[in-house]
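Descriptive analysis of the structure
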Amino acid sequence: MARNAKYDVLVIGGGQAGIPLAYGLANAGRRMGLAERKHLGGSCVNFGCIPTKAAIASGRVAHLARRGAEFGLKISTVEVDFPAVLKRAKDIVIDLRRSLEQGFENSENPCLLRGHARVEGRDENGFRVRMGHGAVTAGEIVIDTGTRSLIPAIEGLDGIDFIDAENWIERTELPERLAIIGGGYIGLEMSQLYRRMGSAVTVIEESDQITGHEDKDIAEDLKRLLEAEAVEFCLNTQVRRADRKEKGIRLTLEGSDGTADIEASHLFVAAGRKPNTDDLGLETIGVKVSSKGIVEANKRLATNVEGVWVAGDIRGGPMFTHTSWDDYRILMSQMVGDGSRTTDRIVPYAIFTDPELGRVGMTEREARAAGKQIKIARFEMRKNGKARDLGDSEGFIKVIIDAETGCILGATVLATEAAELVHLYVELMNAEAPYTVMRDAIHIHPTLAEALQSAVSLFG
Ligand SMILES: Cc1cc2nc3c(=O)[nH]c(=O)nc-3n(C[C@H](O)[C@H](O)[C@H](O)COP(=O)(O)OP(=O)(O)OC[C@H]3O[C@@H](n4cnc5c(N)ncnc54)[C@H](O)[C@@H]3O)c2cc1C
């Protein structure tokens, strides 16, 4: 580490915004430091998006192999080698991480500083930041420290060696019976993954639907599809107690019809994310942080303290890699550009179950609550030829338009490759183009993308 060094800008956190920003500002002539306490790439590369989707890909191959007979193929047995599945995912992580690290080798600007960064105050030289035994100063700082698993206050949980979104990749023992706390996107993706690997899986969710933000018809269909693979759900249910048993665990659940115990060999906690802002020393410079640990920032990603910026999950709002990455573009615009780019943006997202859920814009509930005059079209994937050919005809497309302008307010694609498909609606929304632009275009036949067109054609 370059101790006692002085930087124009110090980025704290080598995640999805931090790395491109360090390079971008260095190219713009700023002397840059990037502080990272663990692995470059943050959550996405090391245990999040990338390795989960690698393992999910193995799950899909196993699933398709088991369905071989539907395609006229005889595949007598499908044996899962779970450690090998995790190794494949980890190899991808190591490869990506190595290429990020190589970029910083011998680089003086941006300069990579290894260790936990903690702000200590401000003086005439700038912000003082402690890094292990040394300290650096910076004229401006950008906080991109991300999140970690939120561990709910459940009696007995601290005595359980549970799996979570960070350690799953190291846990090579395949659970015989897995209980998952949380029916959000991480819990759902994991439920299907472990089920396809061969575990019996129960998801426990405290609200009355999975994927709480989505419309009920979508949440129910996704639940039905997972149940068809024998994933079990306990909705409206809270975990009150967790006890370690000689073999496995016992959970005491409380639901609308009283309490019950369930037993499992392993527990996965997927109850949300907690911002990494509690050990950053932000109070020493007066940066406002909410009671949940979110750094308060305006749409320029500026905090209440001049010279302190924020990026990524800890700024609140949508917690995705692509939004963190877009924060880098906003900060480039604000710090060295014309300042025109802000968080006024359309943010698509996906749940990588199979079929996937691709989403953009308002839900029906949100559109109605906003008092919009809307029209809704729903197209079933089984009516699409390519989906039938692929043996992936489950799911549907739901599009919501403004009744007056014909512009898309929101869209949901529950289908195979939905995370790819939804982008066509994203581009229509960004162009503020009416649905007729897609209706009147020619889409290649046979494709899944024809289904997107079929859906909007239902508006007439
Ligand atoms: C299991 C899982 C699956 C996911 N799947 C997807 C997906 O499919 N698609 C998607 O878009 N998003 C997904 N996400 C979310 C995505 O990973 C995050 O939104 C994204 O990584 C956030 O980026 P960030 O820059 O905010 O923080 P991070 O990428 O988490 O980076 C923060 C970095 O800061 C470092 N740090 C923290 N504190 C300090 C400190 N004091 N000093 C020095 N360094 C520090 C950390 O070590 C970390 O490297 C997933 C997340 C998880 C957990």
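See the structure printed just above.
Residues numbered from 1 in each chain as written. Predicted model: local features only at pLDDT ≥ 70, side-chain atom pairs only at ≥ 80, totals over all residues. Heavy atoms only, no water.

**As for helix 10 (residues 418–430)**
- Taking 1.5 Å as the rise per residue, helix 10 with 13 residues should run 18 Å; its terminal C-alpha atoms sit 18 Å apart, in good agreement.
- Of all the bends found along helix 10, the most pronounced is centred on Leu424 and spans about 25 degrees.
- Along helix 10, the residues classified as buried are Ala418, Ala419, Leu421, Val422, Tyr425, Val426, Leu428 and Met429.
- On its buried face, helix 10 is in contact with strand 18 (349–351), strand 19 (356–361), strand 21 (396–402), strand 22 (408–415), helix 11 (436–439) and helix 12 (449–457).
- The positive-phi residue at the C-terminal boundary of helix 10 is Glu432, with phi of around 50 degrees. (Helix = DSSP H or I, 4+ residues; strand = E, 2+ residues; numbered from the N terminus. Expected span 1.5 Å × (residues − 1). Bend = angle between axes of the 7 residues up to and from the residue. Buried < 20%, exposed > 50% of the residue type's maximum accessible area, 1.4 Å probe, protein only. Contact = heavy atoms within 4.5 Å.)

**With respect to the sheet that holds strand 10 (residues 200–204)**
- Spatial ordering of the open sheet is given by 8-15-9-10-11, a layout of five strands whose pairing is parallel. Pairing within the sheet leaves two strands with one partner each, and these edge strands are strand 8 (163–164) and strand 11 (231–234).
- Relative to strand 10, strand 9 (residues 177–181) is paired through five bridges, and the arrangement is parallel. Looking at strand 10, one finds that Ile181 is bridged to Ile204.
- Packing of helix 5 (residues 185–197) onto the sheet brings it into contact with strand 8, strand 9, strand 10, strand 11 and strand 15 (266–269), and relative to strand 10 it is tilted by some 165 degrees. (Pairing = 2+ DSSP bridges. Axes fitted to C-alpha atoms, helices over the stretch in contact; angles between N-to-C directions.)

**What about unusual backbone geometry?**
- Residue Asn109 is joined to Pro110 through a cis peptide bond whose omega torsion reads 5 degrees.
- You can see Pro110 is positioned in the loop between helix 4 (82–104) and strand 3 (111–114).
- Asp354 connects to Pro355 through a cis peptide bond whose omega is 5 degrees.
- Tracing the backbone through its elements, the reader meets Pro355 in the loop between strand 18 and strand 19.
- Backbone geometry places Ala230, a non-glycine residue, at a positive phi of 75 degrees.
- Checked against the element boundaries, Ala230 lands in the loop between helix 6 (216–227) and strand 11.
- Classification of Ala230 as partly exposed rests on a relative accessible area of 39%.

**Quick notes on the nonpolar core**
- Counting 48 residues, the largest nonpolar core has Leu10, Ile141 and Val142 as its most contacted members.
- Excluding its chain neighbours within four sequence positions, the residues that come into contact with Ile141 are Leu10, Val119, Phe127, Val129, Ile285, Gly307, Val308 and Trp309.
- Judged by nonpolar contacts, the second largest core, of 35 residues, contains Leu86, Ile163, Leu178 and Ile218. (Core = buried A, V, L, I, M, F, W, Y, C linked by side-chain atoms within 4.5 Å.)

**Here we look at the site of the ligand**
- Taken together, 38 residues surround the ligand, and among them Glu36, Ser43, Lys53, Asp144 and Asp313 come closest.
- Here an oxygen atom of the ligand sits 3.3 Å away from a polar atom, N or O, in the side chain of His322.
- For the ligand, whose free accessible area comes to 1,000 Å², the fraction covered by protein is 95%.
- Secondary-structure elements contributing two or more residues to the shell around the ligand are strand 2 (32–36), helix 2 (42–46), helix 3 (49–66), helix 5 and helix 7 (321–336).
- For the shell around the ligand, the residue count by class is 14 nonpolar, 17 polar and seven charged. (Near = heavy atom within 4 Å. Polar contact = N/O pair within 3.5 Å; in protein donor to acceptor, adjacent residues only side chain to side chain. Areas by Shrake-Rupley, 256 points an atom, 1.4 Å probe, with all protein chains shown as cover. Nonpolar A, V, L, I, M, F, W, Y, C, P; charged D, E, K, R; others polar.)

**Describing the side chain of Arg196**
- Relative to the assigned elements, Arg196 resides in helix 5.
- Among the polar contacts made by the side chain of Arg196, one reaches the side chain of Asp354 at a distance of 2.9 Å.
- Excluding anything up to four places from it in sequence, Arg196 contacts Gly59, Arg60, Ala62, His63, Arg66, Val80, Glu229 and Asp354.

**A word on the pairing of strand 14 (residues 258–264)**
- Pairing geometry for strand 13 (residues 249–255) and strand 14, over seven bridges, is antiparallel. Across the sheet, Ile249 pairs through a bridge with Ala264, a residue of strand 14.
- In sequence, strand 13 turns back onto strand 14 through a hairpin of two residues.

**Brief notes about the packing of aromatic side chains**
- Taken as a whole, this structure holds seven aromatic pairs when the rule is applied.
- Centre to centre, the rings of Tyr23 and Phe104 are 5.1 Å apart; their planes meet at 40 degrees, and the pair counts as tilted. Taken as a pair, Tyr23 in helix 1 (residues 18–27) and Phe104 in helix 4 lie far apart in primary sequence, 81 residues in all.
- On the basis of relative accessible area, Tyr23 is assigned to the partly exposed category, the value being 28%.
- Ring centres of Tyr194 and Phe268 lie 6.2 Å apart, and the angle between their planes is 70 degrees; this geometry places the pair in the edge-to-face category. Taken together, the residues span a long stretch of sequence, with Tyr194 in helix 5 and Phe268 in strand 15 at a distance of 74 residues. Across the pair, Phe268 and Tyr194 agree in class, each one buried.
- Three or more aromatic residues joined by ring pairs form one cluster here, namely Phe82, Tyr194 and Phe268.
- Here the basic side chain of Arg378 rests over the ring of Phe396, its NZ or CZ set 3.5 Å away from the ring centre. (Phe/Tyr/Trp six-rings, centres within 6.5 Å; stacked < 30°, edge-to-face > 60°. Lys NZ or Arg CZ within 6 Å of the ring centre and 35° of its normal.)

**A short note on the layout of surface pockets**
- Taken as a whole, the second largest pocket holds about 300 Å³ of empty space.
- Those elements giving two or more residues to the lining of the second largest pocket turn out to be helix 7 and helix 10.
- Classifying every residue of the lining of the second largest pocket by side-chain character gives five nonpolar, five polar and five charged. (1 Å grid on protein atoms, 1.4 Å probe; cavity = no way out; pocket = protein on both sides within 12 Å on 5 of 7 lines; lining within 4 Å. Points joined across faces, edges and corners; volume = space filled by probe spheres on them.)

**A look at the packing of helix 10 against helix 12**
- Relative to each other, helix 10 and helix 12 sit at 45 degrees, their axes nearing to 9 Å. When the interaxial angle is binned, helix 10 and helix 12 end up oblique. Regarding helix 10 and helix 12, the two cross each other, and that crossing is right-handed. Residues Leu421, Leu424 and Tyr425 of helix 10 form the contact with helix 12, whose participating residues are Ala449, Leu452, Ala455 and Val456. (Parallel < 35°, antiparallel > 145°, perpendicular 65-115°, else oblique. Left-handed = near helix turned anticlockwise from the far one by under 90°.)

**So, the environment of Gln16**
- Along the chain, Gln16 turns up in the loop between strand 1 (6–12) and helix 1.
- Residue contacts for Gln16: discarding those within four places in its chain leaves Gly41, Cys44, Val45, Asp144, Thr321, Ser324 and Trp325.
- Among the polar contacts listed, one links the side chain of Gln16 to the backbone oxygen of Gly41, at a separation of 2.8 Å.

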